[in-house]
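Each chain, written out:
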Amino acid sequence: MKNHRPLASSACILKLIATAAATSSNTASSSSMDEDGFLVHDSRRLDLWLHADAATDQFRHGPIREVRRKIIYQNNMDNGCSRSTGQSCFDSMLGIRGGGGSTRLEQQLEELGRKYGQPFLSAIDQNKIEHDADCKMSCEMFYCAAADETTKEWKSKNTSFKSYSFGAVPPEDFSEEFRFPLDLIKVTQGEPLFSAEESARVIKQAEEEGVDKNEYQSGKYKLGGDWLVNLPKTRDWFNYQLEHSLFPLLHHLFPEIIRSPSVLRAHSVSLLKYNSTHPRTDVHIDNGILAMTLAMSPMTDYVGGGTFYEHMGVDNVLPMDVGHGTFRPGSVRHGGHRVTAGERYILGAFLLLEDHVEHVRRLKNRGAELRTSGDLPSAINHFEWALALNPTCTTCLKDWAEILLAQKKFAEAEQKIRDALELLEGQDSDALFTLGLILSEQGKDEESIAVYKRSFELNPEDAELCYNLGIKLGEQGDTKGELRMYKQTITINPNFGGAYINMGTILADDGDTDGAEVMFLKAIECSDEVRTKGMFNLSLLLQKKANLLATSGNLAGAKSAITESSKLLDDAKVDIDARMTLGSSYSEDALYSSQFKPMRVQCHRLLGQIYAGMGDLEASEAEFLSASERFPDIPGIWHALARVYELQGKMDLAGEAKAKLAALQ
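Residues numbered from 1 in each chain as written. Predicted model: local features only at pLDDT ≥ 70, side-chain atom pairs only at ≥ 80, totals over all residues. Heavy atoms only, no water.

A.B. asks: Where do I start with a negative patch on the surface in this structure?
C.D. replies: A contiguous patch of negative charge, built from Asp509, Asp510, Asp512 and Asp514, is present on the exposed surface. Here aspartate 509 is to be found in helix 17 (residues 497–509). (Patch = residues over 30% accessible without salt bridge, like charges linked within 9 Å, V, L, I, M, F, W, Y side chains within 5 Å. Areas by Shrake-Rupley, 256 points an atom, 1.4 Å probe, with all protein chains shown as cover. Salt bridge = Lys/Arg side-chain N within 4 Å of Asp/Glu carboxyl O. Lys, Arg positive; Asp, Glu negative; His and termini not counted. Charge placed at Lys NZ, Arg CZ, Asp CG, Glu CD. Helix = DSSP H or I, 4+ residues; strand = E, 2+ residues; numbered from the N terminus.)

So, in structure tokens, the structure goes:
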């Protein structure tokens, strides 16, 4: 044990063992021998703590879309059209405004087909096929008017509507038909669409169908609730509302884009439950040309809640009492505001129009899927095509920028994301997050911090943002600011392991070993990758603690600390080996595997010396013997083992240990 103070009568024994461990070793270039002849990894000399990395979060997606595909596409899909028309969708799309029949859109598609060739035309055909299939599936689950059916008209004497700005960027598809710029977010006022009593009956029925027992991961948050495809009785109620109220209402609100209630299709519909454990959604856009949100709980049932529209500002949350609804184009950035107490149910639906193929949205979505699958050139093509149709498709620019970031084309990535932010008038926390990351990769730390702070002003409940900002502040020496951001991170997401790791390292560096231990223990409870890092960090902390306790004379406490340190490393090694056998996707597993040996040797060394200091030479011998069996190439182990044998008068065994040492040297 290096730099120890004398430990009563055990001091001479410890000193003899430490002196016996000379300085020769066949270690790798990344390691060296300490003064006692034991392997010490150079990184341990420079930085005791393994810090967590910055979160890149390069694949942010809307929270409903991925789940919708997992559930809806379990049904049989064919290329027929909706039962409401009885004819081919390709026939119906021609000659009808907005979809394939808009003269301007058709001309634009023809021009772009000549420019980009068959790959573009094939993508457009695929859009139509997917639109056809989605419309057909919608009618299998949700109300669609028959071709010869007389649709209802919206009539209400006491329900009015308040309109809000859609923001700086028009809808991704059909912005001219929406007559942008207009106040396209419509919220009901006055008489609700349905009563509180009716809503309570619906929620009770849904809970009997198990809606309150289900949850799923959506973006960065877990959501409670379920899709109406899994709630047949609740779906019956919703279908009645579609026929008699909601579809006529949507036609009334958006006649410029909806020629008749008969063209509306409810595509993805969910009943969501918010509470303190499932408090909110990401800020996102919806996967449909139109979307609706219906409030199913009285405002007296919960604290917080409402819908947050990013372009309106962080403090501007639109509340809705039970029975009221919001109707809007799907591409506005919004999110469910945090519920801190009680329960809030809402019903959300994405809507399609049978006679309007959303080419921009579908090209963008397919580009995102290609990007996720690793086909980056094809993904870029799809983003380029979508932008050719709509140069203001900011999500296309953002996704393209993130591909360029992954390719380390930082200047191009920065330009793309700045183009998006210019269109958005700077009101997009995700785009600012990406810009902050791009600037950080280029070493523009002050600019990166400034951009992260602007993003934080828009969305202070983005855990990854707070975490990355904390890292950048720490790099600039602002430890207080760094800790503040990590605390904000775990307030938002108590399972964010990287924040616990980095808080633990700060506390450890400041000498607060007890506080650091708590942080590392919390990290160990998180995901596998962070768990491993937490176990290594806690092991290092306990080694440090064992040293301090031993030098103060508390050998029992030192033994306990180093024993726990050893167990953590052994448990971590089991996890690492299992993952690597299966083809680990964790980039740091190879690093952890290489660090295991020097750290585990150090544990053997300390525990063997502590046993010797306690006068238990048999236990000391057993510890060094175990070390020699696991790590026979470490000279210092044989030195120490030989000396323990000598102290016990086992000269033959001491000679054998020295022979092993000589062979290594």
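A.B. asks: Just checking my understanding: could you explain the environment of tyrosine 116 for this structure?
C.D. replies: Looking at the element boundaries, tyrosine 116 is found in helix 5 (residues 103–116). Measuring from C-alpha to C-alpha, the distance between tyrosine 116 and tryptophan 385 comes to 8.3 Å, with 269 residues separating the pair along the chain. In terms of polar contacts, tyrosine 116 uses its side chain to reach the side chain of glutamate 384, at 3.5 Å. (Polar contact = N/O pair within 3.5 Å; in protein donor to acceptor, adjacent residues only side chain to side chain.)

A.B. asks: Explain unusual backbone geometry to me, please; I cannot follow it from the model alone.
C.D. replies: Trans peptide bonds make up most of the peptide bonds, and negative phi angles are found at most residues other than glycine. Non-glycine residue lysine 408 carries a positive phi angle of around 65°. Non-glycine residue glutamate 425 carries a positive phi angle of around 55°. When you line up the elements, glutamate 425 lands in the loop between helix 12 (410–423) and helix 13 (429–441).

A.B. asks: For this particular structure, what's the right way to read the side chain of arginine 366?
C.D. replies: By the secondary structure assignment, arginine 366 is in helix 9 (residues 359–373). Exposure remark for arginine 366: the relative accessible area of 12% places this residue in the buried category. The residues touching arginine 366, leaving out its near neighbours within four places in the chain, are Ala123, Gln126, Asn127, Glu130 and His382. (Buried < 20%, exposed > 50% of the residue type's maximum accessible area, 1.4 Å probe, protein only. Contact = heavy atoms within 4.5 Å.)

A.B. asks: Could you clarify how one ought to interpret the pairing of strand 12 (residues 325–329) in this entry?
C.D. replies: On a regular strand, one side chain projects to one face of the sheet and the next to the other, so that they alternate. Burial within strand 12 is extensive, with 5 of its 5 residues counted as buried. Examined bridge by bridge, strand 4 (residues 185–190) and strand 12 share 2 bridges and lie antiparallel to one another. Within the sheet, the bridge partner assigned to valine 187 lies in strand 12 and is threonine 326. Here 5 bridges tie strand 8 (residues 290–295) to strand 12, and the two strands are oriented antiparallel to one another. Each bridged residue has a counterpart across the sheet, and for methionine 292 the counterpart in strand 12 is phenylalanine 327. (Pairing = 2+ DSSP bridges.)

A.B. asks: How do you make sense of the packing of aromatic side chains when you look at a structure like this?
C.D. replies: For any pair of aromatic rings, the description rests on two quantities: the centre-to-centre distance and the angle between the ring planes. For the structure shown, the criterion picks out 12 aromatic pairs. These aromatic residues form a ring-pair network of at least three members: Tyr116, Phe120 and Trp385. Between the NZ or CZ atom of arginine 344 and the centre of the ring of tyrosine 274, over which it lies, the distance is 5.6 Å. Seen from the ring of tryptophan 400, lysine 416 lies directly overhead, with NZ or CZ sitting 4.3 Å from the centre. (Phe/Tyr/Trp six-rings, centres within 6.5 Å; stacked < 30°, edge-to-face > 60°. Lys NZ or Arg CZ within 6 Å of the ring centre and 35° of its normal.)

A.B. asks: Would you explain the packing of helix 6 (residues 118–141) against helix 9 in this entry?
C.D. replies: For any two helices packed against each other, the geometry comes down to the angle between their axes and how far apart the axes lie. Their axes nearest at 10 Å, the elements helix 6 and helix 9 cross at an angle of 100°. Between helix 6 and helix 9, the interaxial angle falls into the category roughly perpendicular. Where helix 6 approaches helix 9, its residues Ala123, Ile124, Gln126, Asn127, Lys128, Glu130, His131 and Asp134 are matched on the opposing element by His359, Arg362, Leu363 and Arg366. Residues belonging to the contact of helix 6 with helix 9 are distributed by class as follows: 3 nonpolar, 4 polar and 5 charged. (Axes fitted to C-alpha atoms, helices over the stretch in contact; angles between N-to-C directions. Parallel < 35°, antiparallel > 145°, perpendicular 65-115°, else oblique. Nonpolar A, V, L, I, M, F, W, Y, C, P; charged D, E, K, R; others polar.)

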